[in-house]
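# Survey of secondary and tertiary structure
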Amino acid sequence: MLKNALMVVAATALLLAGCGGKPDQRVPKSADAVVGNDSGAAGSSGAGAAGAAGAEAGDAAGQGGASAPANVPRVIYFDFDSSEIRPEFVSVVAAHAKALARNASVRVRLEGHTDERGSPEYNIGLGERRAQAVKRALLLQGVADSQVTTVSYGEERPAVTGATEASWAKNRRVEFVYLN
Amino acid sequence: MMGHVLDKPVLAVLATLGLMLAALATTSVVRAELQIDITKGVSDPIPIAVVPFAAGGGGFDYAAVVQHDLDGSGRFRTMDRKAQRTQPTRAAEVVAADWHADGQDYVLVGRLTTGASAGIDCELVNALSGQSLGSRHVAIEAGNPRAAAHRISDFVYGMIIGTRGAFSTRVAYVAVDGAPPAQRFQLIVADADGENSQVVLESHQPIMSPAWSADGRWLAYVSFENHASAIIVQELRSGERRQVSARAGVNGAPAWSPDGKRLALTLSGSGGNLDIYVLDLGTQELTRITEDPAIDTEAAWSTDGTQLYFTSDRSGGPQIYRTDVASHQRVQRITFGSAYNARPRISPDGRLLALVSREGSDYRIAVQDLASGSVRVLTRGSLDESPSFAPNGMSLIYAWHGGERGSLATVAIDGLVSQQLKSDRGDVREPVWGPFPRSP
């Protein structure tokens, strides 16, 4: 039993390594970085986003996903109940689009997430809608459909725990996971 | 109308990753146990004396479990054993006037029997009239003495309340521990009182949406292996797992038809549009039920299996809709009154719809009378979700959030009784109440 469990852990670790991302790289390092965006209102603050971007860029540098564009955040955040790409993340998505369009062999998985409020299965739908919104933006900028897959984890894989708006704001997100 | 937009069905039984996970699909030592606390009972619970059963030598205190069940229901108040002046084991020995003088309405007596019919014989006596209301013999299952006690509780509850008790049923739920992203997910099945918990599946990837088959033999659930969702059905006794849907995009929200032959499920295809489908488990034939650009998900069958209720945000926010399984041309909106109504479940008598409804910024469990449309909010939390009816329709189990941790709770559909089921560790969520056991 223990041996089996260890094998599974090892296999999971291999899979993760193969996907080019250490799990902890996905958590924004600076807890305060994205708090500025948690109002849920449409006109959210750019300063907070820049902070988040900085934290993510730091994480991305030198870790996995060899074909991921350097110094580009791999997580973008969403307003409550919205799948619209916020203005401050348009350039982030564009930077990913540019890198993907430049090299058709590069593949990315877009992982959509929601905060914990409401029904888990409906949240799977909302997370998928966020991932699809990012996918559409990539395709419009010349990325091939075959380069992009999506998965929605809904509220099942929070970046952080805690029933506060600050936590929820960090959990409403799409992550770019480079597969090669 | 067949799933033409979807990839070819993947019917691989125990695919490579399935095997990996199957290695963990065994009983684990470490598991989240639930503790029940009554948070609210009826204002005037029925007084009943449960007299310790005359022992047949086993030593297990069956009467204590019956007492725990009845008190836990919130509808009874059992008499302190130490206050019992006599401890009869047969109805004929019960001096009704004495028990009545001590404030009891009913007396339950019993004795263990040995030999060919090893079990418990019990009798329920009305303390006012002195008459026996009925007797019951229950067999004792080897290795699971609590089961016999739960059946006695079912008998008492049924005789006095007039509705079959649900003490012999089981619940399934998901337990999560560890900090993200290094979380561990367990699918657990336990007795309705939280005891006898068993880990059905353990994974480092999310496990979601457990659903019981009508005969209680199978669970369907969603698992995320290999960074994609898949719907698995698993036989509880053997542990046999079958992957029934691992199509591109979302595979979610499985719900067994009442006849156990079909699964309603949510699929998105690679285009990401969630719609409701019905999968025939025998033929693998897939029928598309809804076709709308909105999110359509969380299907629930009507009790007769002819209708599907589901959540859709086709009108903006999520609301509950209903469509006919056979024709599925017309879709009728069922809920109004709140901007967020999701996660439909239909009561066993077909009369009530349970759902998650937002009041202000709070997500709560509500029931809607399907005939009159009247809605009653049953809970007072802020993050209540995943309601599931007890098979006797008397109460709902649901998930709620108390600060950092997810917990479970039950609430009676009349709102008079509520319980908290606290886990000793980690987060617990997505409870689903199993069916009545088949008659022993």
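Computed from a predicted structure; not experimentally measured. (Residues numbered from 1 in each chain as written. Chains lettered and ligands numbered in written order. Predicted model: local features only at pLDDT ≥ 70, side-chain atom pairs only at ≥ 80, totals over all residues.)

### Quick notes on the overall build of chain B
- Within chain B, the secondary structure is distributed over four helices and 30 strands.
- Here chain B has a C-alpha radius of gyration of 23 Å; the compact-globule value for 440 residues is 22 Å, and the two agree.
- Dimensions of chain B along its principal axes, counting C-alpha atoms only, are 75 × 50 × 40 Å.
- Among the 440 residues that make up chain B, the fraction classed as buried is 50%.
- For chain B, the proportion of contacts with a sequence separation of at least 24, taken over those separated by at least 6, is 48%. (Helix = DSSP H or I, 4+ residues; strand = E, 2+ residues; numbered from the N terminus. Rg over C-alpha atoms; globule rule 2.2 N^0.38 Å. Buried ≥ 20, exposed ≤ 12 C-beta atoms within 10 Å, placed from the backbone. Contact = placed C-beta atoms within 7 Å.)

### Regarding the environment of arginine 438 of chain B
- By the element assignment, arginine 438 of chain B lies in the segment after β30 (427-433).
- Note on arginine 438 of chain B: 8 C-beta atoms within 10 Å, which makes it exposed.

### Remarks on the pairing of strand β18 (residues 296-301) of chain B
Residue and element names in this part refer to chain B.
- With six of six residues buried, β18 is to be regarded as a mostly interior element.
- In this sheet, strand β19 (residues 307-315) lies alongside β18 in antiparallel orientation, the contact comprising four bridges. The residue bridging alanine 300 from the neighbouring strand is tyrosine 309, located in β19.
- Between β18 and β19, which pair antiparallel one after the other, the connecting turn spans five residues, and glycine 305 there sits at a positive phi close to 75°. (Pairing = 2+ DSSP bridges.)

### Considering the packing of helix α3 (residues 90-102) of chain A against helix α4 (residues 120-140) of chain A
Residues and elements named next belong to chain A.
- One can describe the packing of α3 onto α4 by two numbers: an axis separation of 9 Å at closest approach and a directional angle of 55°. As judged from the angle between their axes, α3 and α4 are oblique. Like other packed secondary-structure pairs, α3 and α4 cross with a definite hand, here right-handed. In contact with Val93, His96, Ala97 and Leu100 of α3, α4 contributes Val134, Ala137 and Leu138.
- Among the residues making up the contact of α3 with α4, the classes are represented as six nonpolar, one polar and no charged. (Axes fitted to C-alpha atoms, helices over the stretch in contact; angles between N-to-C directions. Parallel < 35°, antiparallel > 145°, perpendicular 65-115°, else oblique. Left-handed = near helix turned anticlockwise from the far one by under 90°. Nonpolar A, V, L, I, M, F, W, Y, C, P; charged D, E, K, R; others polar.)

### Topic: the domain arrangement of chain B
Residues and elements named next belong to chain B.
- Per the domain assignment, the segments making up chain B are domain 1 (16-30 + 169-433) and domain 2 (44-161).
- One C-alpha centre belongs to domain 1, the other to domain 2; they are set 36 Å apart.
- Of the residues assigned to the side of domain 1 that touches domain 2, the class counts are one nonpolar, two polar and three charged. (Domains from an automatic or database assignment.)

### Digging into the sheet that holds strand β14 (residues 251-256) of chain B
All names here are of chain B.
- In spatial order, the strands read β14-β15-β16-β17; together these four strands make up an open sheet with antiparallel pairing. Two strands lie at the open edges of the sheet, namely β14 and β17 (286-288), each paired on one side alone. Going across the sheet, the axis of each strand differs from the next one's by a mean of 25°, ignoring polarity.
- Note that strand β15 (residues 262-267) and strand β16 (residues 275-280) share six bridges and pair antiparallel. When the sheet's bridge partners are listed, arginine 262 is paired in β16 with aspartate 280.

### Observations regarding unusual backbone geometry
- Proline 181 of chain B follows proline 180 of chain B through a cis peptide bond whose omega is 0°.
- In this structure, proline 181 of chain B sits in the loop between β7 (170-177) and β8 (184-191).
- Phi at aspartate 81 of chain A takes a positive value of approximately 55°, unusual for a residue other than glycine.
- Of note, aspartate 81 of chain A is situated in the loop between β1 (75-77) and α3.
- Here asparagine 226 of chain B, not a glycine, exhibits a phi torsion of approximately 55°, which is positive.
- Examined against the element boundaries, asparagine 226 of chain B turns out to sit in the loop between β11 (218-225) and β12 (228-235).

### Some words on the confidence of the model for chain B
- Mean pLDDT over chain B: 90, with 91% of residues reaching 70 or higher.
- This model gives residues 1-29 of chain B a pLDDT under 50, and the stretch forms 60 contacts once residues within four places in sequence are excluded. (pLDDT = per-residue confidence, 0-100.)

### Brief notes about the environment of threonine 283 of chain B
- Tracing the sequence through the fold places threonine 283 of chain B in the loop between β16 and β17.
- Here threonine 283 of chain B falls in the exposed class, since 9 other C-beta atoms lie within 10 Å of it.

### Let's talk about the sheet that holds strand β21 (residues 331-333) of chain B
- One open sheet holds the four strands; their spatial order is β18-β19-β20-β21 (chain B), and the pairing between them is antiparallel. This sheet does not close on itself; its edge strands, each paired only once, are β18 and β21 of chain B. The sheet shows a mean angle of 35° between the axes of neighbouring strands, taken without regard to direction.
- Pairing between strand β20 (residues 317-324) of chain B and β21 of chain B: three bridges, direction antiparallel. In the sheet register, tyrosine 321 of chain B faces β21 of chain B, and the bridge partner there is arginine 333 of chain B.
- Sheet strands in contact with α4 of chain A are β18, β19 and β20 of chain B, and its direction is about 155° off that of β18 of chain B.

### Section: the packing of helix α2 (residues 62-72) of chain B against helix α4 (residues 145-161) of chain B
Residue and element names in this part refer to chain B.
- Their axes nearest at 8 Å, the elements α2 and α4 cross at an angle of 50°. In terms of axis orientation, α2 runs oblique to α4. Where α2 crosses over α4, the handedness of that crossing is right-handed. Contact with α2, carried on its side by Tyr62, Val65, Val66, Asp69 and Leu70, involves Pro145, Arg146, Ala148, Ala149, His150, Ile152, Ser153 and Val156 of α4 and no other residues of that element.
- The class makeup of the residues in the contact of α2 with α4 is nine nonpolar, two polar and two charged.

### Here's the deal with the pairing of strand β13 (residues 241-245) of chain B
Residue and element names in this part refer to chain B.
- Most of β13 is tucked away: four of the five residues are buried.
- With four bridges connecting them, β12 and β13 associate as antiparallel partners. In the strand pairing of β13, valine 233 is matched with arginine 242.
- What sits between β12 and β13 in their antiparallel hairpin is a turn of five residues, with glycine 239 showing a positive phi close to 80°.

### Considerations on the nonpolar core
Residue and element names in this part refer to chain B.
- Ranked by size, the top nonpolar core spans 89 residues in total, and within it Ala172, Tyr221, Ala255 and Ala264 carry the most contacts.
- Sort the elements by how many residues they give to this core and β7 lands first, with six residues.
- Setting aside residues up to four positions removed in sequence, alanine 264 forms contacts with Ala255, Ile276, Val278, Ala299, Trp301 and Leu308. (Core = buried A, V, L, I, M, F, W, Y, C linked by C-beta atoms within 7 Å.)

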